[in-house]
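Spelled out, the chains give:
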Amino acid sequence: VGSYLVNALVKDNHEVYAVMRGNRTPYEYDEKIWSKVKVYTMDRETLYTSDIFDEIMPDAVCDMIAYDVDGVKKILSKIKNDAFYLQIGSIWTYLNKEYVPIDENHPKNATTSYGINKGKIEDYLLDLCRQKKVRATVLHVGHVSGREWQPINPQGNLDITVFDKLKNGEEVLL
């Protein structure tokens, strides 16, 4: 997700900074584009304690690093009050869907620590938004897959023919 977003922002003439946890080449790497990106490599704890946000003063942050409320609080404490915060959430906060499309009022029923923590992040950010303390969006993505990774389909398995059925407008049982 991140490398696709970086490419789109650079192509739209935005100044882009990327904080990456490792030194893996981005999935969508284009030297012409990425040469315009200031890349920082650090783990979560280093990011939470660094002064990087004082240095770059971002207008927006797309957070794909924080996995618990404490991490989100640490990032929010470092950015400008008027900066927009995009948290990459997860559909795994809603293990059993009572209705679709899911909205902010749908009960969370995750059973894994990942899904539970992502749900707590969402609740925390929505509460801050209601209080007008932060401008934020939580984007619920499904199974994020890059090259060399087989995606989990909407049925929750690895049958890739489901994507062809969806593309062709065929019925898919969920």
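Residues numbered from 1 in each chain as written. Predicted model: local features only at pLDDT ≥ 70, side-chain atom pairs only at ≥ 80, totals over all residues. Heavy atoms only, no water.

**Digging into the sheet that holds strand 3 (residues 60-63)**
Spatially, three strands are ordered 3-4-5 in an open sheet, and the strand pairing comes out parallel. Two strands bound the open sheet, and with one partner strand each, they are strand 3 and strand 5 (135-139). Each strand axis lies, on average, 15 degrees off the axis of its neighbour in the sheet, ignoring direction. Summarising the sheet, strand 4 (residues 84-88) and strand 5 pair through five bridges and their orientation is parallel. Within strand 5, the position partnered with Gln87 by the bridge is Val138. Each of strand 4 and strand 5 touches helix 6 (residues 113-130); the most contacted strand, strand 4, lies at about 160 degrees to it. (Pairing = 2+ DSSP bridges. Helix = DSSP H or I, 4+ residues; strand = E, 2+ residues; numbered from the N terminus. Axes fitted to C-alpha atoms, helices over the stretch in contact; angles between N-to-C directions. Contact = heavy atoms within 4.5 Å.)

**What to know about the pairing of strand 3**
Only one face of strand 3 is covered, namely the one carrying Val61 and Asp63; the face carrying Ala60 and Cys62 has none of its residues buried. As paired strands, strand 3 and strand 4 are joined by four bridges and run parallel to one another. For Ala60, the partnering residue across the bridge sits in strand 4 and is Phe84. Taking the sense of rotation as the criterion, the β-α-β connection linking strand 3, helix 5 (residues 69-76) and strand 4 turns out right-handed. (Buried < 20%, exposed > 50% of the residue type's maximum accessible area, 1.4 Å probe, protein only. Right-handed = clockwise from strand over helix to strand, strands pointing away.)

**Focus: the confidence of the model for the protein**
Across the protein, the average pLDDT comes to 88, with 99% of residues at or above 70. Across the protein, the secondary-structure element scoring lowest on mean pLDDT is helix 1 (residues 2-11), at 88, and the one scoring highest is helix 5, at 96. (pLDDT = per-residue confidence, 0-100.)

**Let's talk about the environment of Ala60**
On the secondary structure map, Ala60 appears in strand 3. For the pair Ala60 and Pro107, spaced 47 residues apart in sequence, the C-alpha separation works out to 29 Å.

**A few points about the pairing of strand 4**
Across the five residues of strand 4, four count as buried, placing the element largely inside the fold. Running through helix 6, the crossover from strand 4 to the neighbouring parallel element strand 5 is right-handed.

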